[in-house]
Amino acid sequence: MTAPHPVSRLTEALSELAGAEVTLERPSDPEHGDYATNVALRLAATRGRPPRELAAEIAAEAVERGLVESAEAAGPGFVNLHVPDAWLAEGVREIVEAGDAFGSGSAETRERVQVEMVSANPTGPITVAHARNGAYGDSVARLLGFAGHEVEREYYYNDGGTQMERFHASVEALRRGEEPPEDGYHGAYVAELATLPGDPVPAMLEQMQATLERFRIHFDGWTLESEIEAEIPEAIALLDTFEEEAAVWARTSAHGDDKDRVLVRSDGEPTYFAKDAAYVRRKYARGFDRLIYVLGADHHGYVARLQALAEMLGHPRETLEVLIYQLVHLVEGGAAKKVSKRRGDVVFLDELLDTVGVDAARWFLVSRGHDQAIELDVDLAKERTQKNPVYYVQYAHARIAGILRNAGDDDVVAQSHEVGVATSLEREERELVKRLLEFPHVVVEATERRAPHALPTYAIRVADDFHRFYHHHRVLESEQRAFRLALCAATAHVIRRSLDLVGVEAPERM
RNA sequence: GCGCCCGUAGCUCAGUGGACAGAGCGGCGGACUUCUAAUCCGCGGGUCGGAGGUUCGAAUCCUCCCGGGCGCACCA
């Protein structure tokens, strides 16, 4: 269950009062109060009453019950609510007490969730394209974990098949002093692998894993395609199948797919889809309640067939989620750059990390909506990233860390209990507190919509409000020292967590 | 042809039913005897691709059109 926090308590009290579910928003115009609700507008039709009249009633009752300091009907029928300073001060105290747990535990039922991501075949280094997959998938995994689910990160790769044969052939050709085949792999990394003895795949995998760890993605499980192959027959036995023209088909069209799919070709070879089936079966057999696949837009055609597999195996199709993100397009000098790993003209993640660092890279790749295609200008990457808003947010955290250092041994948590009801707050303080109190809602939305980019957006707002507060008011040499220290500590918690959920660090100094 | 995603400021993007549509970058002009100026303050900037529709209310939902990206295998 969602841990109660000030805004959720106020929302519930108002819902009870109105006899309908209330949602609170933060009006952009400060004249419209600290919070506002449109509940009267929504209720007007069904109750057959003018919205303004309903709004006025709700406003009066909210004040009567002591939920808010003042309230009034406004506009077409909004209820604008004003909360007292003491209410906000209490909110700060709760954030400081909750610490890094503030906003966590929103899951109504705890699930075992597997998130499969990246899953690039070991034919070359991790690229920025894979990195978007990882940055997105890992952030979703972090959000799910923060909500209270048990999350496992999974990497699946092909250790056989055509591409791997070409990869081996390319390395072997170089070892013989020949050029790699036309349809083989040509990057400089292939030549490096050729200088090492033995199978190049383990070395390649080791490098890829190191890159991913550097990118702060840790996988709990690595599954090889060859492990899955043996389980194909038992998976097929569980599916709805038929034979036609000497091939074995799955009746996926009866389960939401637009056509049936071949499992075993007429020459007796299982298809890739048969391996998918076996893999899905194994995942569920391992006890996961939910399977999440993170795939690029070029794989969106797989959604229906994967969900069909879940259904045929006896699981609700919604328990197999496919998260699709749009692709990363490389641009160089204003012109589109075609990405082909085999030609070697890609941007490797390690290069990007060497140039801009992990924080800027993760921020850049996850701060856009996953439904939005990303254009990465190779030339401008460095310059652009130095102006990356991630530093704006990190700087706010570093400033707070500086204040808390200068405060000495003060026990901020203990002091926050003494923050008086009589606290009189400045405008910048009120705005900052309200911003911090939004955090649990932002996290829930981001989690449910599988949209981690909401966190960077929110973190910028927090930093914005903090920098403004910092500029206008002193913390240490202030009569409000105790409250302001608590406010700083609360802000630090929220920034740190917002960044952590997308894999970005919050530095103590900059 | 069919399916999925996108179209918002000069550029990169937030904003998925609420009040005059926002931020960063870029441009112009201000603010450091102060807990970090990687900051703050001000100015300029828009047919929210277009047309209909639903609604008290639409950038947001529905339909069509235009433009862009990605897919439509007995490949992996």
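Before reading on, note that the structure itself is shown above.
What you see is a predicted model; the values in this text were computed from it and never measured.

Caption draft 1: Molecular detail of helix H13 (residues 349–366). For H13, which comprises 18 residues, the first-to-last C-alpha distance of 14 Å sits more than 12% below the rise-based estimate of 26 Å (1.5 Å per residue). The buried count for H13 comes to 13 of 18 residues, which makes it a mostly enclosed element.

Caption draft 2: Structural detail: the sheet that holds strand E7 (residues 241–244). In spatial order, the strands read E7-E8-E9; together these three strands make up an open sheet with antiparallel pairing. Two strands close off the open sheet at either side, each with one partner strand: E7 and strand E9 (261–264). For this sheet, the mean inter-axis angle between neighbouring strands, taken without regard to orientation, is 45°. Direction of pairing for strand E8 (residues 247–250) relative to E9: antiparallel, over a ladder of three bridges. Counterpart to Ala250 in the pairing with E9 is Arg261.

Caption draft 3: Representation of the nonpolar core in the model. With 125 residues, the main nonpolar core has Val115, Tyr155, Phe167, Phe215, Phe439 and Leu455 as its most contacted residues. Residue contacts for Val115: discarding those within four places in its chain leaves Gly137, Ala141, Leu144, Val151, Glu152, Arg153, Glu154, Ile292 and Val294. Counting residues in hydrophobic clusters, the runner-up holds 30 residues, among them Ala250, Ala274, Ala277 and Leu291.

Caption draft 4: How the structure looks around the protein's contact with RNA strand B. Every one of the 58 residues lining RNA strand B counts as a neighbour, but Arg265, His300, Arg368, Tyr395 and His473 are closest to it. Considering RNA strand B, the proportion of its atoms within 4 Å of the protein that are sugar or phosphate atoms stands at 62%. At 2.3 Å, a side-chain N or O of His300 approaches a base nitrogen of RNA strand B. Within the contact set of RNA strand B, a base nitrogen lies 2.2 Å away from a backbone nitrogen or oxygen of His473. Among the secondary structure elements, those contributing two or more residues to the surface near RNA strand B are strand E3 (78–82), helix H6 (161–175), E8, helix H15 (389–406) and helix H19 (454–472). Residues that form the surface near RNA strand B fall into these classes: 21 nonpolar, 19 polar and 18 charged.

What counts and how
Residues numbered from 1 in each chain as written. Chains lettered and ligands numbered in written order. Predicted model: local features only at pLDDT ≥ 70, side-chain atom pairs only at ≥ 80, totals over all residues. Heavy atoms only, no water. Helix = DSSP H or I, 4+ residues; strand = E, 2+ residues; numbered from the N terminus. Expected span 1.5 Å × (residues − 1). Buried < 20%, exposed > 50% of the residue type's maximum accessible area, 1.4 Å probe, protein only. Pairing = 2+ DSSP bridges. Axes fitted to C-alpha atoms, helices over the stretch in contact; angles between N-to-C directions. Core = buried A, V, L, I, M, F, W, Y, C linked by side-chain atoms within 4.5 Å. Contact = heavy atoms within 4.5 Å. Near = heavy atom within 4 Å. Polar contact = N/O pair within 3.5 Å; in protein donor to acceptor, adjacent residues only side chain to side chain. Nonpolar A, V, L, I, M, F, W, Y, C, P; charged D, E, K, R; others polar.

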